[in-house]
Amino acid sequence: MAHEHAVCMMLVDGAAGARDEKVLRRYAPRLEKLARRDDHRLCLAIAHRGWAVAHRLAGENAEAGERLSKARELFQALEARWQVGRTLYEMAELDLARSDSAAAFGHFGLALAAFEALGAAPDAERMKRALADIS
């Protein structure tokens with residue numbers, strides 16, 4: 001049987017990828033509560049990133065930036081390099097929402113480097129396309 005953390009984490013991660021604010025606002029609080037209760041830093045970081053996407057979709061860019069910074073810090077401390085890359089991608093998306101293409105270019109570039117170092121080819125290709133779209 002799946003653990004509640006895992007189920008909530010998959011729902012939040014999937015909703016972030018699908019850009020589904022309604023699902024994010026439903027499950028990110030639950031994931032964050034479980035993660036804090038059990039001191040599960042990976043789940044907490046994913047909750048922060050999920051909240052960030054929900055905030056960005058709602059135009060709450062300051063809140064999104066705060067959550068992404070927290071997520072990145074936790075992922076870096078855990079040496080979860082692929083998750084850092086995914087968070088850098090979300091930071092670039094936030095930069096674009098703020099009309100800051102220079103910052104977005106920088107974050108997409110950092111995400112590309114992270115994915116290439118891991119050999120995560122599909123993610124690296126997505127970053128290359130994003131960089132080309134900005135250029």
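Use the structure listed above.
Now for a look at the structure at hand. Small disclaimer: the values here were computed from a predicted structure and weren't measured.

Quick notes on the rules
Residues numbered from 1 in each chain as written. Predicted model: local features only at pLDDT ≥ 70, side-chain atom pairs only at ≥ 80, totals over all residues. Heavy atoms only, no water. Patch = residues over 30% accessible without salt bridge, like charges linked within 9 Å, V, L, I, M, F, W, Y side chains within 5 Å. Areas by Shrake-Rupley, 256 points an atom, 1.4 Å probe, with all protein chains shown as cover. Salt bridge = Lys/Arg side-chain N within 4 Å of Asp/Glu carboxyl O. Helix = DSSP H or I, 4+ residues; strand = E, 2+ residues; numbered from the N terminus. Phe/Tyr/Trp six-rings, centres within 6.5 Å; stacked < 30°, edge-to-face > 60°. Lys NZ or Arg CZ within 6 Å of the ring centre and 35° of its normal. Disulfide = S-S within 2.5 Å. Buried < 20%, exposed > 50% of the residue type's maximum accessible area, 1.4 Å probe, protein only. Contact = heavy atoms within 4.5 Å. Expected span 1.5 Å × (residues − 1). Arc of directions from axis to C-beta. Core = buried A, V, L, I, M, F, W, Y, C linked by side-chain atoms within 4.5 Å. Axes fitted to C-alpha atoms, helices over the stretch in contact; angles between N-to-C directions. Parallel < 35°, antiparallel > 145°, perpendicular 65-115°, else oblique. Left-handed = near helix turned anticlockwise from the far one by under 90°. Nonpolar A, V, L, I, M, F, W, Y, C, P; charged D, E, K, R; others polar.

### Notes on a nonpolar patch on the surface
So, point 1. Judged by side-chain polarity, Val7, Met10 and Leu11 come together as a nonpolar surface patch covering roughly 240 Å² of accessible area.
So, point 2. Mapped onto the fold, Val7 is located in helix H1 (residues 4–18).

### Brief notes about the packing of aromatic side chains
So, point 1. Under the definition given, this model contains 1 aromatic pair.
So, point 2. For the pair Tyr89 and Phe108, a centre-to-centre distance of 5.8 Å together with 50 degrees between the ring planes defines the contact as tilted. Residue Tyr89 is found in helix H5 (residues 81–97), and its partner Phe108 is found in helix H6 (residues 101–118); the two are separated by 19 residues along the sequence.
So, point 3. Above the plane of the ring of Tyr89 lies Arg126, whose end atom (NZ or CZ) is 4.3 Å from the centre.

### Observations concerning the state of the cysteines
So, point 1. A full pass over the atoms with the stated rule returns 0 disulfides.
So, point 2. Its sulfur unpaired, Cys8 is 8.6 Å from the next cysteine sulfur, which belongs to Cys43.
So, point 3. Its relative accessible area of 2% is what places Cys43 among the buried residues.

### Observations concerning the environment of Leu110
So, point 1. Looking at the element boundaries, Leu110 is found in helix H6.
So, point 2. With relative accessibility at 44%, the residue Leu110 sits in the partly exposed group.
So, point 3. Sequence-distant contacts of Leu110, that is, excluding residues within four places in its chain, are made with Arg72 and Leu88.

### Quick notes on helix H7 (residues 121–134)
So, point 1. Taking 1.5 Å as the rise per residue, H7 with 14 residues should run 20 Å; its terminal C-alpha atoms sit 20 Å apart, in good agreement.
So, point 2. Along H7, the residues classified as buried are Asp123, Ala124, Met127, Ala130 and Leu131. The buried side chains of H7 occupy one side of the element, clustering within an arc of 120 degrees when seen end-on. Exposed residues pointing more than 90 degrees away from the buried face of H7 are listed as Pro122, Arg129, Ala132 and Asp133.
So, point 3. Lining the buried residues of H7 we find H5 and H6.

### What about the nonpolar core?
So, point 1. Membership of the largest hydrophobic core comes to 40 residues, with the highest contact counts inside it found for Val12, Leu24, Leu31, Phe75, Phe108, Phe115 and Met127.
So, point 2. Of all elements in the fold, only H1, helix H2 (21–38), helix H3 (41–57), helix H4 (61–77), H5, H6 and H7 reach the threshold of two or more residues within this core.
So, point 3. The leading source of residues in this core is H3, at 9 residues.
So, point 4. Ignoring any residue separated from it by four or fewer positions in sequence, one finds Leu24 in contact with Val12, Ala15, Ala16, Pro29, Gly50, Val53 and Ala54.

### So, the packing of H5 against H6
Packed helices, taken two at a time, are described by the angle their axes make and the gap between the axes.
So, point 1. Viewed as axis vectors pointing N to C, H5 and H6 meet at an angle of 165 degrees, and their least axial separation amounts to 8 Å. Relative to H6, H5 is oriented roughly antiparallel. As H5 runs across H6, the sense of the crossing is left-handed. Residues Arg81, Trp82, Gly85, Arg86, Leu88, Tyr89, Met91, Ala92, Glu93, Asp95 and Leu96 of H5 pack against Ser101, Ala103, Ala104, His107, Phe108, Leu110, Ala111, Ala114, Phe115 and Leu118 of H6.
So, point 2. Of the residues belonging to the contact of H5 with H6, the class tally is 14 nonpolar, 3 polar and 4 charged.

Just distances and angles here, no functional claims.
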